[in-house]
Amino acid sequence: MPLTELTAFQIAAQIKQKKVSCREVLDDFLARIDAVESRVKSFVTVTSDEAIKRAEMLDKRVASGEDIGVLGGVPIAVKDLICTRGVRTTCSSKILENFVPPYDAHVAERLAVEGAITVGKANMDEFAMGSSTENSAFFPTKNPWDLSRVPGGSSGGSTAAVAALEAPLALGSDTGGSIRQPAAYCGCVGLKPTYGLVSRYGLIAFASSLDQIGPIANDVRDTALLLQAIAGHDRRDTTSIKREVPNYLESLTGDVKGLRIGVPKEYFAQGVEGYVQDSVRTAIDKLCELGAEAVEISMPATEYALATYYILAPSEASSNLARYDGVQYGLRVLEPGDDIVAMYSKTRAAGFGHEVQHRIMIGTHALSSGFYDAYYSKAQKVRTLIRQDFERAFEKCDVLATPTAPTVAFKIGEKTEDSFAMKLADVCTIPVNMAGLPAISLPCGFHETDSSNMPIGLQLIGNLLDESTLLRASHAYEQATDWHKRRASL
Amino acid sequence: MRLLPEEVDHIALLSRLELSAPERERAANELSQILGYFEKLNELDTENVEPTSQAIPTVNVLREDVVTLSLTPEAALQNAPESAANMFQVPRVVEAD
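This is a predicted model, so every value here is computed, not measured.

## Structural notes on the overall build of chain B
Piece 1. Counting secondary structure elements, chain B contains three helices and two strands.
Piece 2. Shown N-terminal to C-terminal, the secondary structure of chain B runs as helices and strands in the order α-α-α-β-β.
Piece 3. Against the compact-globule benchmark of 13 Å for 97 residues, chain B has a radius of gyration of 23 Å, which places it well outside the compact range.
Piece 4. Here the C-alpha coordinates of chain B stretch approximately 55 × 45 × 30 Å along the principal axes.

## Quick look at the overall build of chain A
Piece 1. Scanning chain A for helices and strands turns up 15 helices and eleven strands.
Piece 2. Scaling as 2.2 N^0.38, a compact globule of 490 residues should have a C-alpha radius of gyration of about 23 Å, and chain A matches this with 21 Å.
Piece 3. Overall, the C-alpha framework of chain A stretches about 65 × 55 × 50 Å when taken along its three principal axes.
Piece 4. Burial status across chain A gives 62% buried among its 490 residues.
Piece 5. Considering only residue pairs separated by 6 or more positions, chain A has 76% of its internal contacts joining residues 24 or more positions apart.

## Concerning the interface of chain B and chain A
Piece 1. At the junction of the two partners, chain B supplies 41 residues and chain A supplies 56 residues.
Piece 2. For the side of chain B that touches chain A, the secondary structure elements donating two or more residues are α1 (5-14), α2 (21-38) and α3 (73-77) of chain B.
Piece 3. For the side of chain B that touches chain A, the element with the highest residue contribution is α2(B), accounting for seven residues.
Piece 4. Within the side of chain B that touches chain A, the residues separate by chemical class into 26 nonpolar, nine polar and six charged.

## Topic: the environment of Gly157(A)
Residues and elements named next belong to chain A.
Piece 1. Considering the arrangement of structural elements, one finds Gly157 in helix α5 (residues 156-163).
Piece 2. Each C-alpha atom, one on Gly157 and one on Arg332, is 27 Å from the other, the two residues being 175 residues apart in sequence.
Piece 3. Among residues more than four places away in sequence, those in contact with Gly157 are Ser42, Phe43, Lys79, Ala122, Asn123, Met124, Thr133 and Thr141.

## What about the nonpolar core?
All names here are of chain A.
Piece 1. Membership of the largest hydrophobic core comes to 168 residues, with the highest contact counts inside it found for Ile76, Ile82, Val162, Ala170 and Val399.
Piece 2. Ranked by residue count, the leading element in this core is helix α12 (residues 373-396), at nine residues.
Piece 3. Excluding residues within four positions of it along the chain, Ile82 makes contact with Ala105, Val107, Ala108, Leu171, Gly202, Leu203 and Ile213.

## What about the pairing of strand β3 (residues 117-122) of chain A?
Residue and element names in this part refer to chain A.
Piece 1. The buried count for β3 comes to six of six residues, which makes it a mostly enclosed element.
Piece 2. One ladder, built from three bridges, connects strand β1 (residues 43-46) with β3; its direction is antiparallel. The residue of β3 that forms the bridge with Val46 is Gly120.
Piece 3. Crossover connection from strand β2 (residues 75-79) via helix α4 (residues 106-113) to parallel β3: handedness right-handed.

## Quick look at unusual backbone geometry
All names here are of chain A.
Piece 1. Here Gly153 and Ser154 are connected by a cis peptide whose omega angle stands at 10°.
Piece 2. Note on placement: Ser154 falls in the loop between β3 and α5.
Piece 3. Non-glycine residue Lys18 carries a positive phi angle of around 60°.
Piece 4. Locating Lys18 in the fold gives a position in the loop between α1 (8-16) and α2 (22-40).

## Observations regarding the pairing of strand β6 (residues 212-217) of chain A
Residues and elements named next belong to chain A.
Piece 1. Most of β6 sits out of view: six of its six residues are buried.
Piece 2. Sheet topology note: the strand β4 (residues 169-174)/β6 ladder contains six bridges and is antiparallel. Looking at the pairing, Ser173 lines up with Ile213 of β6.

## Examining the packing of α2(A) against helix α3 (residues 48-63) of chain A
Residues and elements named next belong to chain A.
Piece 1. Between α2 and α3, whose axes approach to 8 Å, the crossing angle comes to 160°. Relative to α3, the element α2 is oriented roughly antiparallel. Contacts from Cys22, Arg23, Leu26 and Leu30 of α2 reach α3 at Ser48, Ala51, Ile52, Ala55, Glu56, Leu58 and Asp59.
Piece 2. Counted by class, the contact of α2 with α3 contains seven nonpolar, one polar and three charged residues.

## Here's the deal with the sheet that holds strand β10 (residues 439-448) of chain A
All names here are of chain A.
Piece 1. Taking strand neighbours across the sheet as the criterion, the eleven strands line up as β1-β3-β2-β4-β6-β5-β10-β11-β9-β7-β8 in an open arrangement whose pairing is mixed. If you trace the sheet from one side to the other, it starts and ends with β1 and β8 (293-297), each paired once. Taken pair by pair, the neighbouring strands of this sheet meet at an average axis angle of 30°, ignoring direction.
Piece 2. Alignment of β2 against β3, held across five bridges, turns out to be parallel. Across the sheet, Pro75 pairs through a bridge with Ile117, a residue of β3.
Piece 3. Across the sheet, α3 lies against β1 and β3, angled at about 165° from β3, the strand it touches most.
Piece 4. Helix-sheet contacts for α12 involve β7 (260-264), β8 and β9 (399-403), and the interaxial angle to β7 is about 145°.

## Focus on α2(B)
Piece 1. A rise of 1.5 Å per residue sets the reference length of α2(B), with its 18 residues, at 26 Å; its end C-alpha atoms lie 26 Å apart and thus fit the reference within 8%.
Piece 2. The complete set of buried residues in α2(B) reads Ala27(B), Ile34(B) and Leu35(B). Projected onto a plane normal to the axis of α2(B), the buried residues spread over an arc of 100° and lie on a single side. More than 90 degrees from the buried face of α2(B), the exposed residues found are Ala21(B), Pro22(B) and Gly36(B).
Piece 3. The secondary structure elements touched by the buried residues of α2(B) are α9 (305-320), α11 (354-367) and α13 (419-423) of chain A together with α1 of chain B.

## Describing α2(A)
Structurally, the α-helix is built with 3.6 residues per turn, so residues lying three or four positions apart point the same way.
Residues and elements named next belong to chain A.
Piece 1. When the local axis directions of α2 are compared, the greatest deviation, roughly 40°, occurs at Asp34.
Piece 2. Every buried residue belonging to α2 is among Cys22, Val25, Leu26, Phe29, Leu30, Arg32, Ile33, Val36 and Val40, and all of these are buried.
Piece 3. Looking at the buried positions of α2, the neighbouring elements they touch are α1, β1, α3, β2, β3 and α5.
Piece 4. In the stretch just after α2, Lys41 is the one whose phi turns positive, near 60°.

## Some thoughts on the confidence of the model for chain B
All names here are of chain B.
Piece 1. Chain-level pLDDT for chain B is 93 on average; 98% of the residues reach the 70-or-more range.
Piece 2. Confidence, read as mean pLDDT per element, is least for α2 in chain B (95) and greatest for α1 (97).
Piece 3. This prediction of the complex comes with two scores: 0.97 for pTM and 0.96 for ipTM.

## Side note on the environment of Leu385(A)
Piece 1. Assignment of secondary structure puts Leu385(A) in helix α12.
Piece 2. Owing to 20 C-beta atoms within 10 Å, Leu385(A) belongs among the buried residues under this scheme.
Piece 3. Distance in space between the C-alpha atoms of Leu385(A) and Pro300(A) is 9.0 Å, their sequence separation being 85 residues.
Piece 4. Ignoring anything within four residues of it in the chain, the contact list for Leu385(A) reads Ala301(A), Leu44(B) and Val49(B).

How each quantity is defined
- Sequence order as written defines residue numbering, which begins from 1 separately in each chain.
- Each chain takes a letter, starting from A, and each ligand takes a number, starting from 1, following the order in which they are written.
- A pLDDT threshold of at least 70 governs which residues receive local features in this predicted model, and a stricter bar of 80 or more applies before side-chain atom pairs are shown or counted, although totals over entire chains, interfaces and linings include all residues.
- Strands here mean DSSP runs of E at least two residues long; helices mean DSSP runs of H or I at least four residues long; both are numbered from the N terminus.
- Only the C-alpha atoms count toward the radius of gyration. The rule for a globule is 2.2 Å times the residue count to the power 0.38.
- Burial in this document is a count-based property: other C-beta atoms within 10 Å of a residue's C-beta are tallied, and the residue is buried at 20 or more, exposed at 12 or fewer, or partly exposed in between, with C-beta positions derived from the backbone.
- Two residues form a contact once the distance between their C-beta atoms, set from the backbone, is within 7 Å.
- Gly is placed with the polar residues, together with every amino acid not listed as nonpolar (Ala, Val, Leu, Ile, Met, Phe, Trp, Tyr, Cys and Pro) or charged (Asp, Glu, Lys and Arg).
- We define a nonpolar core as a collection of buried residues of the types Ala, Val, Leu, Ile, Met, Phe, Trp, Tyr and Cys that are connected via C-beta atoms lying within 7 Å of each other.
- What makes two strands pair is DSSP finding at least two bridges between them.
- For the handedness criterion, the strands are oriented away from the viewer, and a crossover whose path from the first strand over the helix to the second runs clockwise is classed as right-handed.
- Every angle, taken between N-to-C directions, lies between 0 and 180 degrees, and every axis is a line fitted to C-alpha atoms, over only the stretch in contact when it is a helix.
- Oblique is the label for every angle not falling under 35 degrees (roughly parallel), over 145 degrees (roughly antiparallel), or within 65 to 115 degrees (roughly perpendicular).
- Here a helix's expected span is defined as the number of its residues, less one, multiplied by 1.5 Å.
- Think of the arc as the fan of directions from the helix axis to the C-beta atoms.
- The quantity called bend is, for any residue, the angle between two axes fitted respectively to the seven residues ending at it and the seven beginning at it.
- Per-residue confidence from the predictor is given as pLDDT, running between 0 and 100.

Shown next as structure tokens:
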């Protein structure tokens, strides 16, 4: 069996037991990347040379009897908005096409400490704005299950890399569903941690009150393993939570007896395909067979989450992206006779793609004099109502179960002309970011389309900082099903 | 309600984005559509609702005011489009007498 078919957990164990070397593992993954990357296009940059040097260094440490970390020798794909010192970090944008960070993000430091080997920087929607990875300024990534379909987004490259076995693990980021929705589309497991569990230091900001970095993998154990490696307090992110990180692997007991699963009716409504609703309901039944208990609930503010999100996230983005002005880094467009405002405006028009410009304008308008109360301030209040829905739900439930996305992955080009239709792909994931909660997407079935058999995602939502319960329920479901064992044939 | 061309121009100026004529037209359509969708929030009475700016509120995160290692000027300037004398260089913003 090629080493690419092992889980991260198995790879780390085999390296530790000296059954294989880091270099042998890496060589298999680099060969796999060579074989499939021209079709899938997961990566903006493949970092083979750096990875080989690192694997050889780690092998020397293994040979001398050192413990090289919980991810020792495991290859990983890193979304290209996580700063990596000396390695180009583009955000899949022309404005950062040649940006080489002078420092590592906190999570990049954590990966280094725990022995992971970064094999590449993964493609994404430009500045994480999008749901299909078609907004990359460079090229779209393809869904490994059907190359005519999108992998989802914005962490589409990270997720496609895992689904295509180009890496057993990936880091993504999730502002409104950007880890969970591509995980659903590609048949992977993707977890958005509680806001503040993972440091955002060195994460290129989109909407700072919503952004969170999280793991993508092919099963729940690997997801827990990577979460363990990146979670924890970091003083360089002032929203980072000071609290001892639990042992997530120990939470995978398989026991869900008495677990109360909330099923909010608003997530099984118009716009969510019948086949998705059926698969998710069947998954909930499976959890109940294992001893959990389903509780029907209502979360009336849900239908307002999308509008709220498209005020708040662009508002924060319009502020965060003000820094791309052709002064400190990135593209500069300056023509003879231009003053500084002309330089800013030409640089930004040339450097940002259409969707990013669209969202900057939404946010700028929502925050501007005369409109602030009607849009931004109103949305912040509705955000409170959305948060309160979740607070009430968790008074009587331990986790909530919903679809991750309303459909399976759509065709490339199908929604690019209608940015509003594209936004509906995130309708089930957005409310979670509003409340800062952890949530996971797991494969829970397949749907036969005209061109292929496509994965469907189950979303489980946990209470604040209760990743352990979320992972326990996910793992129990996974043990009782075999959706996660299916692989795309490439 | 459709945004007027001068409203689109004002938003583009505040956003520091130079738009071509077709881009202005497309922005007018797309911004008008999404601003129309935002009207949905007016169905909710939020008179007595406190705003949420962060899901998990944190206040006054402080640290000791001590000198630590930071980026060298060379590292900070390595991505600058133009620099001179350890500074970022920009077009003249103050007119000479």
